[in-house]
Amino acid sequence: MPASPLKLLVIIASDGDAERLMKRLVEQGYPATKIGSTGGFLRRGNATILSGVEADEVEPVLAAVRAECRARTEHVPVQALPFLGEGAAIAQPLEVRVGGAIVFVLPVERFEKT
Ligand code: 2BA
């Protein structure tokens, strides 16, 4: 039987959640690479995890993401935002989603290991 097609999961998560998620993925035998990244809106450090798995492994990986990356809200002073800050001295803090994860599932055309 031919192998299930490969998928690449691109997972963007907060640093703390990403660390726990990496641990869980590796414990469960899924390959994962963590890259330091920065969110464009908050300009905070976050982490991007790449995981290349077979199509039938996507759901178990997503289950791990849901278990480790729980969304919550935080109030961020508008002055702390890099592009809204100027002249926003009296604006109310902005409620933003932090934690949780953003996941893209991409088809993999070809995989090579040299
Ligand atoms: P940031 O761009 O720093 O965004 C952090 C959080 O700020 C977002 O959480 C969202 O709740 C809020 N936010 C972003 N843009 C906003 C806006 N224009 N107005 C009001 N609130 C806004 P998430 O949606 O969970 O995104 C978390 C991080 O995932 C983002 O950090 C970014 O690094 C990445 N991300 C999210 N969507 C993406 C996408 N479509 N493509 C690439 N990266 C994405």
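The structure this text deals with has already been given above.
The rules behind the values
Numbers given for residues are sequential positions, taken from 1 along each chain in its written order. Note on the predicted model: pLDDT of at least 70 is required for a residue's local features to be given, and 80 or more for side-chain atom pairs to be given and counted; whole-chain, interface and lining totals, by contrast, use all residues. Hydrogens are left out, water is left out, and the side-chain values use all remaining heavy atoms of the structure. Helix and strand labels come from DSSP, where a helix needs a run of H or I of at least four residues and a strand needs a run of E of at least two; each type is numbered from the N terminus. What makes two residues a contact is simply this: any of their non-hydrogen atoms within 4.5 Å. To get an axis, a line is fitted to the C-alpha atoms, and for a helix only the part in contact is used. The angle between two axes follows their N-to-C directions and goes from 0 to 180 degrees. Relative orientations are named as follows: roughly parallel for angles under 35 degrees, roughly antiparallel for angles over 145 degrees, roughly perpendicular for angles from 65 to 115 degrees, and oblique for any other angle. Put simply, a crossing is left-handed when the front helix is turned counterclockwise from the back one by less than a right angle, and right-handed when it is turned clockwise. Residue count minus one, scaled by 1.5 Å, sets the expected span of a helix. Each residue is placed in one exposure class: buried if its accessible area under a 1.4 Å probe, protein chains only, is under 20% of its type's maximum, exposed if it is over 50%, and partly exposed if it falls in between. Directions pointing from the helix axis toward each C-beta atom define the arc. For this purpose, a residue is taken to be near a molecule or strand whenever a single non-hydrogen atom of the residue falls within 4 Å of it. Contacts described as polar in this section are N or O atom pairs within 3.5 Å, which, within protein, must combine one atom able to donate a hydrogen with one able to accept it, while residues neighboring in sequence count only if both atoms come from side chains. Residues are grouped as follows: Ala, Val, Leu, Ile, Met, Phe, Trp, Tyr, Cys and Pro are nonpolar; Asp, Glu, Lys and Arg are charged; all remaining types, including Gly, are polar.

1. Side note on the environment of Phe 104
Thought 1: Relative to the assigned elements, Phe 104 resides in strand S6 (residues 101-107).
Thought 2: Sequence-wise, Phe 104 and Val 10 are 94 residues apart; in three dimensions their C-alpha atoms are separated by 5.1 Å.
Thought 3: If we ignore the near neighbours within four places in the chain, the residues touching Phe 104 are Leu 8, Leu 9, Val 10 and Ile 12.

2. Topic: the packing of helix H1 (residues 15-27) against helix H2 (residues 58-68)
Thought 1: Taken N-terminus to C-terminus, the directions of H1 and H2 make an angle of 140°; their axes are 9 Å apart at the nearest point. In terms of orientation, H1 and H2 fall into the oblique class. Here H1 runs over H2; the crossing is right-handed. Where H1 abuts H2, its residues Asp 17, Arg 20, Leu 21, Arg 24 and Leu 25 lie against Val 61, Ala 64, Val 65, Ala 67 and Glu 68.

3. Brief notes about H1
Thought 1: Between its terminal C-alpha atoms H1 stretches 19 Å, which fits the 18 Å expected from 13 residues at 1.5 Å a residue.
Thought 2: Along H1, the residues that are buried comprise Asp 17, Ala 18, Leu 21, Met 22 and Leu 25. With its buried residues spanning 135° around the axis, H1 presents them on a single face. The exposed set on the far side of H1, more than 90 degrees from its buried face, consists of Lys 23, Val 26 and Glu 27.
Thought 3: Close packing links the buried residues of H1 with strand S1 (6-14), strand S2 (33-38), strand S3 (45-54), H2, strand S4 (71-76) and strand S5 (94-99).
Thought 4: Phi turns positive one or two residues past the end of H1, at Gly 29, with a value near 85°.

4. Considering the site of the ligand
Thought 1: Around the ligand, the neighbouring residues are Ile 12, Gly 39, Gly 40, Phe 41, Leu 42, Asn 46, Val 96, Arg 97, Ile 102 and Phe 104.
Thought 2: Between an oxygen atom of the ligand and a main-chain N or O atom of Leu 42, the distance comes to 2.8 Å.
Thought 3: For the shell around the ligand, the secondary-structure elements that each account for two or more residues are S5 and S6.
Thought 4: Its residues assigned to classes, the shell around the ligand comprises 6 nonpolar, 3 polar and 1 charged.

5. Section: unusual backbone geometry
Thought 1: Phi is positive for Arg 43, which is not a glycine, with a value near 55°.
Thought 2: Look at Arg 43 and you get exposed, because its relative accessible area is 51%.

6. Some remarks on H2
Thought 1: Those residues of H2 that sit buried are Val 58, Val 61, Leu 62, Ala 64, Val 65 and Glu 68. Buried residues in H2, looked at end-on, bunch into an arc of 155°, giving them a common side.
Thought 2: Close packing links the buried residues of H2 with S1, H1, S3 and S6.

7. Some details on the side chain of Glu 68
Thought 1: Within the element layout of this structure, Glu 68 appears in helix H2.
Thought 2: By relative accessible area, which is 13% here, Glu 68 ends up buried.
Thought 3: Ignoring any residue separated from it by four or fewer positions in sequence, one finds Glu 68 in contact with Asp 17, Arg 20, Leu 21 and Arg 24.

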